[in-house]
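# Working through the structure, step by step
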Amino acid sequence: MRRRPLIGISAYVEPADWAVWRGVPAVLVPEAYVRAVTAAGGRAVVLPPDDGDGDVLAVLDGLLLAGGADVGPGRYGQPPHPRTEARPDRDAGEMTLLAAALAAELPLLGVCRGMQLLAVAYGGTLHQHLPDVVGHDEHRPAPGVYGSHPVRFAAGSLAATVLAGVDRVNSYHHQAVADAGRLAVTGWSEDGVIEAVEDPALPFVLGVQWHPENEPDPRPISALVAAAARVVVAQDETERIARRHPV
């Protein structure tokens, strides 16, 4: 039986409470990401921040950059906004993974913060506090409350293919992509906020600004796992040919 694709999910390091422990620094990721990967036929591998190297990607078939705190504005040449809350450890570790994944043409999905990090890696910039730009809080209505809004996608794009029939998504973010750099912008909300980016030159590089792991039909994550499954098939075929034709 063919093995499940291994999907690395970038993780948080945050103070956490459990049992008798309070405020203990913990490596964690919302279980919704793991559940969505598993439901799509993949095996989730949690990746704590580590900027030593990207060698772990050699045993993975896909990478999911999860949501979370803000990307440090120094990475795109801006001073911090008073509302910006950065996590330098995540920035360093995820940029290392991102660079290695792109070099290896590994299937890659960026979710919320992950999409913003992807844009910065491609030379783009961010709006550090979106309400200053759009004049409302509908993308993050209240603490712990997701917004819901219409979305549209560029015809013929990867985003449009993956999300055929989807015209509304959830959101929880106060930052957004201002300039996607070398990425193609392929999704927008009705107020003009960039909702999807991709790299058409690579097999599967997609960023979405919303949280598909919390949607009933998390298509971007399912599409990532499907792309990773194709990597597994290709690896199996290469190994089969090597066994039949040893050097």
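The following refers to the structure shown. Counting of residues starts from 1 at the beginning of each chain's written sequence and follows it residue by residue. Totals for whole chains, interfaces and linings use all residues, but because this is a predicted model, local features are given only for residues with pLDDT of at least 70 and pairs of side-chain atoms are given and counted only at 80 or more. Only hydrogens and water are set aside when side-chain values are computed; all heavy atoms of the structure are taken into account.

### Some details on the packing of helix H2 (residues 88-104) against helix H3 (residues 113-121)
- Comment: axis = line fitted to C-alpha atoms, over the contacting stretch for helices; angle = value between 0 and 180 degrees taken between N-to-C directions. Each helix is a run of H or I in the DSSP string that is no shorter than four residues. Each strand is a run of E no shorter than two, and both are numbered from the N terminus. Relative to each other, H2 and H3 sit at 65°, their axes nearing to 11 Å. Classified by the interaxial angle, the pair formed by H2 and H3 is roughly perpendicular. Classified by chirality, the crossing of H3 by H2 is right-handed. Within the contact between the two elements, H2 uses Arg90, Asp91, Glu94, Met95 and Leu98 and H3 uses Arg113, Leu117, Leu118, Val120 and Ala121.
- In the scheme used here, Gly and all other residues not listed as nonpolar or charged are polar, with Ala, Val, Leu, Ile, Met, Phe, Trp, Tyr, Cys and Pro taken as nonpolar and Asp, Glu, Lys and Arg as charged. A class-by-class count of the residues in the contact of H2 with H3 yields six nonpolar, no polar and four charged. If an angle is under 35 degrees, it is roughly parallel; if it is over 145, roughly antiparallel; if it lies from 65 to 115, roughly perpendicular; otherwise it is oblique. Definitions for this section: a left-handed crossing has its near helix turned counterclockwise from the far helix by less than a right angle. A right-handed crossing has that turn clockwise. Pairs of residues are marked as contacts when any of their non-hydrogen atoms sit within 4.5 Å.

### As for the packing of aromatic side chains
- When two rings of Phe, Tyr or Trp (its six-membered ring) have centres within 6.5 Å they constitute a pair, described as stacked for plane angles under 30 degrees, edge-to-face for angles over 60, and tilted for the intermediate range. Throughout the structure, instances matching the rule amount to two aromatic pairs.
- Lying over the aromatic face of tyrosine 12, arginine 90 brings its terminal NZ or CZ to 4.8 Å of the ring centre. Remark: a charge is flagged as sitting over a ring if the NZ atom of Lys or the CZ atom of Arg is within 6 Å of the ring centre and within 35 degrees of the ring normal.

### What about the nonpolar core?
- Take the buried Ala, Val, Leu, Ile, Met, Phe, Trp, Tyr and Cys residues and link them wherever side-chain atoms come within 4.5 Å; each set so joined is a nonpolar core. Think of it in three bands: with a 1.4 Å probe and only protein chains considered, a residue is buried below 20% of the maximum accessible area for its type, exposed above 50%, and partly exposed in between. In terms of nonpolar packing, the biggest core is built from 29 residues, with Ile9, Val37, Leu64 and Leu109 touching the most fellow members.
- Of all elements in the fold, only strand S1 (6-10), helix H1 (31-39), strand S6 (108-111), strand S8 (147-153), helix H5 (158-162), strand S13 (205-208) and helix H6 (219-244) reach the threshold of two or more residues within this core.
- Here the element with the most residues in this core is H6; it accounts for six residues.
- The residues touching isoleucine 9, leaving out its near neighbours within four places in the chain, are Val29, Tyr33, Val34, Val37, Ala44, Val45, Val46, Leu47, Leu64 and Ala66.
- In terms of nonpolar packing, the next biggest core, distinct from the first, is built from 27 residues, Leu47, Leu65, Leu97 and Leu202 among them.

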